[in-house]
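Structural overview
If you want the building blocks of each chain, they are given just below.
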Amino acid sequence: MNKIIKRMNEINARKAEIRGLIEDGKDINMDDIEKELRALNDEYKALEERKQLLDDINEGKVQTNPIEQPSDDNDGGDGESRKSIIETAEYRSAWLKNIRGIELNKAEKRTITTAANSGGALIPTTTVNKIVEKVHQHCPILDEIDLYKVPGGVKIPAEGTTNDAAIHTEGAAITGAADTLNYVSLASYEITKLVTISKSVEKMSIDAFENWLANKIGRNIANKIGALIFNGTGSNQPEGINSITWNATNSVTVAKTAAMTEANVIAVVALLNGGYDANAKWYMSKTTFYTDFHPLMNTGKNNIITQENGKYRVLGYPVELEEDITLHEALLGDVYLGYAGNMPEEINVTSQFVTRENAYDFLGAAMFDGKVQATEAFVKIVKATS
């Protein structure tokens, strides 16, 4: 630092000397003077940048070794890793400017190139966390399923045919029962959301833009994942809970001309395997609850619907309102034991400026797959509409 300040003082002294020569009107070569002044100004600017970087390091704003070229995974040669770089405030600021086409200064260019080795391909940790937070906020069912994060896919063992235990006669040979084990294989499907905003995005502050991006990308991806968990067909997309084959063994149908009764609700609860009772919940839309279930709330009788701290229960099972479930249908089951999902990668965001529209396109992409791993974990009641 002392050497930098000393040289900056020398440059200022020389510039003052040149100013005096010009003011005195002495015979000097103005071309040479102009070249020297330009060189001194450039050198002074570079020294200022170095001094500012050292000041930031001393104040704890920048890590002391972030700029060595890292390897592909953890080690950055001098102990610094990509992961630690993309967690810094400097990288976050550089990435959120770069994705909007805003010019970076030298330090930002160096930081973003070092971390990603590809000009900012890696999304900052804080931005990822905000988007993921929004995904879970708008898709709460994601916190309830059996969720894996295995790159390349995962194969999950699931119980198949299980025979009862048998009484054994002491000393006799034991013959194993013909139990079977099934597997649920999860790969990944790309779920994307393209959002567009005018070029005025360049004028937004770093924090305001990050919040806007997290809300737009996170909410839309969440809505799609939630819809797939319940209604995915399983054909070139995740399999949803509603892909279960429903019949008299796992569902109750109320006729179109009839009103849902307490007996109908009790009947469907009776169909749920007792092993899934402890963590079972009701899942239905808000309209379904207030149209078909809420009328059964009667505190003067054997009340099957109760409310506590703003949360409803039906026959003791909590009610979760999910708008992705078909109107006049309600699922009851243990989502954790009954459904498995896999998100092998973090959510990623890329951008492109569209000249014809004078706007930026931002593409958010997530990977997800899911399947029912225990069909007996769910039952359903349906109020017929036709």
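A short tour of the structure in this document, coming up. (Residues numbered from 1 in each chain as written. Predicted model: local features only at pLDDT ≥ 70, side-chain atom pairs only at ≥ 80, totals over all residues. Heavy atoms only, no water.)

Some remarks on the overall build of the protein chain
From N to C terminus, the protein chain includes 10 helices and 14 strands. In the protein chain, which comprises 386 residues, the share counted as buried stands at 39%. Total accessible area on the protein chain stands at roughly 21500 Å², and carbon and sulfur atoms take up 48% of it. (Helix = DSSP H or I, 4+ residues; strand = E, 2+ residues; numbered from the N terminus. Buried < 20%, exposed > 50% of the residue type's maximum accessible area, 1.4 Å probe, protein only. Areas by Shrake-Rupley, 256 points an atom, 1.4 Å probe, with all protein chains shown as cover.)

What about the pattern of salt bridges?
Taken as a whole and judged by the stated rule, the model has 14 salt bridges. Salt-bridge contacts for E43 lead to R7; the nearest nitrogen and oxygen are separated by 2.7 Å. One end of the pair, E43, is in helix 2 (residues 30-58); the other, R7, is in helix 1 (residues 2-24), with 36 residues separating them in the sequence. Exposure remark for E43: the relative accessible area of 29% places this residue in the partly exposed category. We note a salt bridge from K311 to E320, for which the minimum N-O separation is 3.7 Å. The class for K311 is partly exposed, based on a relative accessible area of 43%. (Salt bridge = Lys/Arg side-chain N within 4 Å of Asp/Glu carboxyl O.)

Examining the side chain of R100
As for its placement among the helices and strands, R100 is situated in the loop between helix 4 (89-98) and helix 5 (106-116). Beyond its immediate sequence surroundings of up to four residues, R100 is in contact with V201, E202, M204, S205, I206, F209, Y360 and F362. (Contact = heavy atoms within 4.5 Å.)

Some points on the sheet that holds strand 7 (residues 305-308)
Reading across the sheet, the 7 strands line up as 5-14-10-6-9-8-7 and stay open at both edges, with mixed pairing between neighbours. Here the strands that pair on one side only, and so sit at the sheet edges, are strand 5 (251-254) and strand 7. Pairwise comparison of adjacent strand axes, ignoring direction, gives a mean angle of 25° for this sheet. For strand 10 (residues 329-333) and strand 14 (residues 378-383), the ladder comprises 5 bridges, and the chain directions are antiparallel. From the neighbouring strand, G333 faces strand 14, where its bridge partner is F378. (Pairing = 2+ DSSP bridges. Axes fitted to C-alpha atoms, helices over the stretch in contact; angles between N-to-C directions.)

Some remarks on the packing of helix 4 against helix 7 (residues 206-231)
Contact pair helix 4 / helix 7: the axes reach a minimum separation of 10 Å and the direction vectors enclose 70°. Here helix 7 runs roughly perpendicular to helix 4, going by the angle between their axes. Along this stretch, helix 4 crosses helix 7, giving a crossing that reads as left-handed. Residues R92, S93, W95, L96 and K97 of helix 4 touch helix 7, and the partners they reach there are I206, D207, F209, E210 and L213. When the residues that make up the contact of helix 4 with helix 7 are grouped by side-chain class, the tally is 5 nonpolar, 1 polar and 4 charged. (Parallel < 35°, antiparallel > 145°, perpendicular 65-115°, else oblique. Left-handed = near helix turned anticlockwise from the far one by under 90°. Nonpolar A, V, L, I, M, F, W, Y, C, P; charged D, E, K, R; others polar.)

Some points on helix 4
Counting buried positions over the 10 residues of helix 4 gives 7, a clear majority of the element. Looking at helix 4, one finds that the buried residues are Y91, R92, S93, A94, W95, L96 and K97.

Let's talk about unusual backbone geometry
Phi angles above zero are rare outside glycine, and N236 is one such case at about 60°. Mapping N236 onto the fold places it in the loop between helix 7 and strand 5. Residue classification places N236 among the exposed positions, given a relative accessible area of 70%. Positive phi, normally seen in glycine, also occurs at N309, with a value near 55°. Relative to the helices and strands, N309 resides in the loop between strand 7 and strand 8 (311-314). We classify N309 as exposed; its relative accessible area is 75%.

Section: the nonpolar core
Most often, soluble globular proteins have nonpolar side chains that are buried together. One finds W282 and F293 to be the most contacted residues of the largest nonpolar core, which totals 74 residues. Looking at which element gives the most residues to this core, the answer is helix 7, with 11 residues. (Core = buried A, V, L, I, M, F, W, Y, C linked by side-chain atoms within 4.5 Å.)

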